[in-house]
Amino acid sequence: MNSVNNLTNHFLLAMPQLGDSYFGQSVCYICDHNEHGSMGLVINKPMNISLADIFSELDITVSKQTNQTIMQGGPVSPEQGFVLYEGHYNNVENTEISSNIRLSTSKEILDEIAAGNGPDEVLVCLGYAGWEAGQLEEEIASNSWLTVEADEELLFHTPAVDIASKAAKKIGVDINLLTTQSGHA
């Protein structure tokens, strides 16, 4: 795959015409995009579950309290946890997405976070979004998604409710002015 077309470490912003009950108004962070398909995490759909709830369910002893909300990462494998984190914390199995962003599905990272020894900036999601080879490119070509280069500020330091508008602003778009209507010249 040509690196110009690689969407790893990009946000996908759902266009208004993407009325899908799951992906409507979503922002998806692309963790992997290659000739075999794509994998991402929806990062702006909070669940009614906190990280403390996950610790309790997994019987993880907590020495550092957190009330961080878990995100509904996608419709595929909703029971699987994914931890995105900022920095070079490599004490657990992880995948490097960018020079400063990693992804782990290891329970050990949750143990480390609960003990106060893990990375400070984390985003935890349940489930993921997946596309077969060429599927995402087709959806982008049909104007279902806007693509925006990702950054750590939006990913880890922006409230979920503001991510879409701030990401769109990076490319000069006011997301509130987008419409499903099309006009004729």
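Right, let's walk through the structure included here. Quick caveat, the model's predicted, so the values are computed rather than measured. (Residues numbered from 1 in each chain as written. Predicted model: local features only at pLDDT ≥ 70, side-chain atom pairs only at ≥ 80, totals over all residues. Heavy atoms only, no water.)

A short note on the state of the cysteines
Just so we agree on the cut-off: The definition used for a disulfide is geometric: two cysteine sulfur atoms within 2.5 Å. Partly exposed describes any residue whose relative accessible area lies between the buried limit of under 20% and the exposed limit of over 50%, with all areas from a 1.4 Å probe on protein chains only and scaled to the type maximum.
Across all of its chains, the model carries zero disulfides by this definition. Cys31 takes part in no disulfide bond, and the closest cysteine sulfur, belonging to Cys28, lies 7.5 Å away. Free cysteine Cys125: the closest other cysteine sulfur is in Cys31, separated by 8.0 Å. Given a relative accessible area of 0%, Cys125 falls into the buried group.

Comments concerning the packing of aromatic side chains
To be explicit about the condition: The rule is short: rings of Phe, Tyr and Trp, with Trp giving its six-membered ring, pair when the centres are within 6.5 Å, and they are stacked under 30 degrees, edge-to-face over 60, tilted in between. A helix here means a DSSP run of H or I that spans at least four residues, while a strand means a run of E at least two residues long, and both kinds are numbered starting from the N terminus.
This structure, assessed with the given rule, holds five aromatic pairs. Aromatic pair Phe82 and Tyr128: ring centres 5.6 Å apart, planes at 70 degrees, arrangement edge-to-face. Taken together, the residues Phe82 in strand β6 (residues 76–86) and Tyr128 in strand β9 (residues 122–132) connect sequence positions 46 residues apart. Classification of Phe82 as buried rests on a relative accessible area of 7%.

Comments concerning the nonpolar core
Keep this limit in mind: The nonpolar core is taken to be a set of buried Ala, Val, Leu, Ile, Met, Phe, Trp, Tyr and Cys residues, with the residues joined through side-chain atoms within 4.5 Å. Whether two residues touch is decided by their heavy atoms; if any such pair falls within 4.5 Å, the residues are in contact.
Judged by nonpolar contacts, the single largest core of 28 residues is most densely connected at Phe11, Leu13, Tyr29, Leu41, Ile43, Leu84 and Leu155. No other element matches helix α5 (residues 160–170), which puts five residues into this core. Sequence-distant contacts of Tyr29, defined by excluding residues within four places in its chain, comprise Asn9, His10, Phe11, Met39, Gly40, Leu41, Ile43, Leu84, Ile97, Ile101, Ala150 and Leu155. With 16 residues, the next largest nonpolar core counts Val83, Ile109, Val122 and Val124 among its residues.

A few points about the pairing of strand β5 (residues 69–72)
Heads up, the rule is: A strand pair is defined by DSSP finding two or more bridges across the two strands.
Looking at chain direction, strand β4 (residues 46–50) and β5 are connected through two bridges and run antiparallel. Following the sheet pairing, Ser50 is matched in β5 by Thr69. For β5 and β9, the ladder comprises two bridges, and the chain directions are parallel. Paired with Gln72 across the bridge in β9 is Leu126.

Details of helix α2 (residues 107–114)
Quick reminder of the rule: Starting at the helix axis, one direction is taken to each C-beta atom, and the arc is that of these directions.
Inspection of α2 places Ile109, Leu110, Ile113 and Ala114 among the buried residues, and these make up the whole buried set. Along α2, the residues classed as buried sweep out an arc of 135 degrees about the axis, all on the same side. The positive-phi residue at the C-terminal boundary of α2 is Gly116, with phi of around 80 degrees.

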